[in-house]
Amino acid sequence: MDKNYSNLFTNDGTISLKQSLPLAFEHLIAMIAGCIAPTLIFAGAAGLTYADSILLVQMSLIGSALTTLLIIMAPAHLIGNKLPMIYGVSFSYVPTMIALANQFQNLGSKGIVAIVLGAQLIAAIVSFIFGFALKYVLPYFPPLVAGTVVLSIGLSLYPVALNYMGGGGDVSMAGWGSWQYWFIAAVTLLANIIFTHFGKGMVSLASVLLSMIVGYILAFFMGYVDLTPVSDANWFSFIRPMYFGIKFEPSAIAAFIIIFIVSCIEGIGDMNSTTIGGMDRPATDDELRGGIMGFSLANMLGAFIGTLPTATFSQNAGIVSINKVINKKVFITSSIMILIAGLVPKFSSLLLTIPYPVIGGATISVFAAITMNGIRMITSQPLSMRNTYIVGVSVAIGFGFTQVVTAAHNAGVTFMPESLEVAIGSSPVVLTTLFAFLMNLAIPEKEEDKA
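All values derive from a computational prediction rather than experimental measurement. (Residues numbered from 1 in each chain as written. Predicted model: local features only at pLDDT ≥ 70, side-chain atom pairs only at ≥ 80, totals over all residues. Heavy atoms only, no water.)

> Would you explain the layout of surface pockets in this entry?
Put simply, the second largest pocket is a space of about 260 Å³. Together, 15 residues line the second largest pocket, and Phe-141, Pro-142, Pro-143, Asn-272 and Pro-282 are the ones closest to its centre. Looking at the lining of the second largest pocket, the elements that each hand over two or more residues are helix H6 (143-165), helix H11 (250-279), helix H12 (285-305) and helix H16 (356-378). Broken down by class, the residue content of the lining of the second largest pocket amounts to 11 nonpolar, 2 polar and 2 charged. (1 Å grid on protein atoms, 1.4 Å probe; cavity = no way out; pocket = protein on both sides within 12 Å on 5 of 7 lines; lining within 4 Å. Points joined across faces, edges and corners; volume = space filled by probe spheres on them. Helix = DSSP H or I, 4+ residues; strand = E, 2+ residues; numbered from the N terminus. Nonpolar A, V, L, I, M, F, W, Y, C, P; charged D, E, K, R; others polar.)

Written out as structure tokens, the structure is:
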């Protein structure tokens, strides 16, 4: 690598805005759809008005930016870890939020949001305590378990990328799977391969961004880019803290506590994915604790300003694994851009014009990198009968059960309480994590199983 770019691969090295800007924009593009989509899905389920939905999206971006800045720049010893990561509103909470929206329709749309924010506040306090006690908990999550979690995160994201490549996140949408969508996605993916493996310097480092630009231009000329929302959007919009209020509902709090703890475990996986992929080392205990406590504190504050639950973003961890760029200025710049996107609706609306096939074609390699990081963590331990059994069975149960639950749900078959279905049947990562954790405790470890 050219020595002019060497500081990109250090945390505190001096780099120019010219160097940081395209890489920061790459992280922004990678997270923008994943940050806004959960908010829009929940807004629709809760029945929010158009104005309230825009406000919720706005707060999603602002809260995500503030979470990232808090964790990267916090001076306190316990809060933050300065790791090169991006945080955003998480899909992990969407099934539970939709279930709550259906359960509390009598409270009205704003009342539903208030219940979610109240559950978020209490669950974030619990996860803050979890992070504080992490050094006592961490021995129960060795590289074998954490690697299995990272592997399941990567594998669970593949359908997202493929659904996007086919035209959108929902295969039931009109026109999904048309050859035009697949063509745009294929060209974007091909561009990503060329930039990554044949480009040099900044071209290789910003391969995801450049491939998106190629796909966006192609989609524009094929008539799949609508710029009307950009012209209709305002230039500036004010935030409104406590606009939705906060309500406490025990059943909602219980469900959120479970998902917050799972998000902490996923966060451990993402932080390890980032450090292993970008720094060739596992995350330290202090980094893991600071990250969990930092994101928990940010979620407490987010409950008051109207930001839905945030978590580590695996796709951005994957970018770090690909380009190895860990300079904090890149991530601070990206956070400021995300903040601007939240404050300037025209900017965020422009980002939302990126077609789904472009996003899918550009990010599938990112999800693959996450998967491979999980495999690297697993293979850092001996592939003994015990270890391979734990990984194999955990992944099989996590993904197999999720597919069965989805099939049963689509067929109108109910075989478990809805709250339990939401808690363990909506994401393969949850059950994979639980089984890897429990089997690692239950099956005795021999010398041949240790690194």
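> I'm lost on the packing of aromatic side chains in this one. Help?
The geometry of two aromatic rings is summed up by the distance between their centres and the angle between their planes. Tallied over the entire structure, the rule returns 11 aromatic pairs. For the ring pair Tyr-243 and Phe-244, a centre distance of 4.9 Å and an interplane angle of 85° mean the geometry is edge-to-face. The class for Tyr-243 is partly exposed, based on a relative accessible area of 22%. Residue class for Phe-244 comes out buried when judged on its relative accessible area of 8%. Centre to centre, the rings of Phe-260 and Phe-295 are 6.1 Å apart; their planes meet at 15°, and the pair counts as stacked. Note that Phe-260 is positioned in helix H11 and Phe-295 in helix H12, a separation of 35 residues in sequence. Of the two residues, Phe-260 and Phe-295, neither departs from the other in class, the shared state being buried. An aromatic cluster is present here, built from Tyr-93, Phe-256, Phe-260 and Phe-295 joined pairwise through their rings. (Phe/Tyr/Trp six-rings, centres within 6.5 Å; stacked < 30°, edge-to-face > 60°. Buried < 20%, exposed > 50% of the residue type's maximum accessible area, 1.4 Å probe, protein only.)

> What am I meant to see in the pattern of salt bridges here?
Per the stated rule, a full pass over the model turns up 4 salt bridges. The partner of Arg-281 in a salt bridge is Glu-287, with the nearest N and O atoms 2.8 Å apart. The class of Arg-281 is partly exposed, set by a relative accessible area of 28%. Given the relative accessible area of 13%, Glu-287 is considered buried. For Arg-289, the salt bridge identified is with Asp-286, shortest N-O distance 3.0 Å. Note that Arg-289 and Asp-286 are positioned in helix H12 at a spacing of 3 residues, about one turn of the helix. For Arg-289, a relative accessible area of 15% gives the class buried. (Salt bridge = Lys/Arg side-chain N within 4 Å of Asp/Glu carboxyl O.)

> Mind showing me how you'd approach the environment of Ile-390 here?
Position of Ile-390 relative to the elements: it lies in helix H17 (residues 385-410). If near-sequence neighbours (up to four positions away) are discounted, Ile-390 is found in contact with Leu-144, Ala-436, Met-439, Asn-440 and Ile-443. (Contact = heavy atoms within 4.5 Å.)

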